[in-house]
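Observations on the three-dimensional arrangement
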Amino acid sequence: MTKRSSWSIPYLIFLVIFVVLPLLLICLYALQDEAGHFTLANIGRFFTDSDSLATFALSLEIAIENTVICILVGFPAAWILANSKLNKSFTTVALFILPMWVNALIRTLATAELFTIMGATLGKGTLLFGMVYDYLPFMIYPIYTTLSKLDVSYSEAAQDLGASPLKVFFKVTVPGKEKN
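Residues numbered from 1 in each chain as written. Predicted model: local features only at pLDDT ≥ 70, side-chain atom pairs only at ≥ 80, totals over all residues. Heavy atoms only, no water.

Moving on: the overall build of the protein chain. Of regular secondary structure, the protein chain possesses 8 helices and 0 strands. Walking the protein chain from its N terminus toward its C terminus, one meets helices and strands in the order α-α-α-α-α-α-α-α. Taking 180 residues into account, the globule formula puts the C-alpha radius of gyration at 16 Å, and the protein chain, at 23 Å, lies well above it. Taken along its principal axes, the extent of the C-alpha atoms in the protein chain is 70 × 60 × 35 Å. Among the 180 residues that make up the protein chain, the fraction classed as buried is 19%. At a minimum sequence separation of 6, the contacts of the protein chain that also span at least 24 residues come to 57%. Summed over its atoms, the accessible surface of the protein chain is roughly 13,500 Å², and 71% of this surface lies on carbon and sulfur atoms. Across the protein chain, the 12 positively charged side chains and the 12 negatively charged ones have centroids separated by 17 Å. (Helix = DSSP H or I, 4+ residues; strand = E, 2+ residues; numbered from the N terminus. Rg over C-alpha atoms; globule rule 2.2 N^0.38 Å. Buried < 20%, exposed > 50% of the residue type's maximum accessible area, 1.4 Å probe, protein only. Contact = heavy atoms within 4.5 Å. Areas by Shrake-Rupley, 256 points an atom, 1.4 Å probe, with all protein chains shown as cover. Lys, Arg positive; Asp, Glu negative; His and termini not counted. Charge placed at Lys NZ, Arg CZ, Asp CG, Glu CD.)

And the structure:
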């Protein structure tokens, strides 16, 4: 092992303790009954219990809605940030990245407290708002990074060859060809 590759050992230890071990414990508990014996009854119960299936379906629905909203809001925001004609300031980029520096739990609790202060009922709409607020920077920043590295000459060439702005967007911008 080289000296440089040994730098990854603390990350590997962290990964094992905080990712792999908890997942293994979840699998272990899912495959045990109350006495600690191996059973597949818990999995069968999950697929036959209507409450579990409804909760799972609602979770999937909210995850899909959150993803779609983040894409619909995040891509235009990232495009504006990456477009040097529209965004002349690094401060704007920093304001979009700044929420990523705050712990997700603190952001979530602060958002819930704001809804409580405003008197809003905590339901699906407030949950979606909070999730979009939490995950939007994680959608914007990677898209912004990719868009800022795009070679503009491809878009210009497509426009010179008569491609419509929509065609340039879907054939050049979305696939994205980064500068070397």
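We now examine the nonpolar core. Counting residues in hydrophobic clusters, the biggest one holds 15 residues, and the most contacted among them are Ala78, Ile140, Ile143 and Leu147. If you list the elements that add at least two residues to this core, you get helix 3 (50-82), helix 4 (90-97) and helix 6 (124-148). A total of 7 residues in this core trace back to one element, the largest contributor, which is helix 6. Beyond its immediate stretch of four places on either side in the chain, alanine 78 contacts Ile140, Ile143, Tyr144 and Leu147. (Core = buried A, V, L, I, M, F, W, Y, C linked by side-chain atoms within 4.5 Å.)

A word on the packing of aromatic side chains. Under the defined criterion, the tally for this structure stands at 7 aromatic pairs. Note on phenylalanine 14 and phenylalanine 18: the rings are 4.7 Å apart at their centroids and 40 degrees apart in plane angle, and the pair reads as tilted. Here phenylalanine 14 and its partner phenylalanine 18 are both found in helix 1 (residues 9-30), 4 residues apart, which amounts to about one turn of the helix. A ring pair is formed by phenylalanine 46 and phenylalanine 47, whose centres lie 5.1 Å apart and whose planes are at 80 degrees; its orientation type is edge-to-face. (Phe/Tyr/Trp six-rings, centres within 6.5 Å; stacked < 30°, edge-to-face > 60°.)

Its boundaries defined by the atoms lining it, the largest pocket holds a volume of some 640 Å³. Lining the largest pocket are 18 residues, and of these Trp79, Asn83, Val152, Ser155 and Thr173 lie nearest its centre. Looking at the lining of the largest pocket, its residues break down into 8 nonpolar, 6 polar and 4 charged. Size it by volume and the second largest pocket reaches roughly 170 Å³. Among the secondary structure elements, those contributing two or more residues to the lining of the second largest pocket are helix 5 (104-118) and helix 6. (1 Å grid on protein atoms, 1.4 Å probe; cavity = no way out; pocket = protein on both sides within 12 Å on 5 of 7 lines; lining within 4 Å. Points joined across faces, edges and corners; volume = space filled by probe spheres on them. Nonpolar A, V, L, I, M, F, W, Y, C, P; charged D, E, K, R; others polar.)

With respect to the helices, strands and loops of the structure, arginine 107 is situated in helix 5. Not counting residues up to four positions away in its chain, the partners in contact with arginine 107 are Pro99, Met100, Val102, Tyr133, Asp134 and Phe138.

Those residues of helix 8 (residues 165-173) not exposed but buried are Val168, Val172 and Thr173. Down the axis, helix 8 shows its buried residues gathered within 75 degrees of arc, on one side only. Facing away from the buried side of helix 8, by more than 90 degrees, are the exposed residues Leu166, Phe170 and Lys171. In this structure, the buried side of helix 8 is in contact with helix 3, helix 6 and helix 7 (152-160). (Arc of directions from axis to C-beta.)

Moving on, we come to the side chain of threonine 173. By secondary structure assignment, the location of threonine 173 is in helix 8. Here threonine 173 falls in the buried class, since its relative accessible area comes to 12%. Filtering out sequence-adjacent residues up to four positions away, threonine 173 remains in contact with Phe75, Leu147, Leu150, Ser155 and Val168.

These results come straight from atomic positions and should not be treated as a statement about function.
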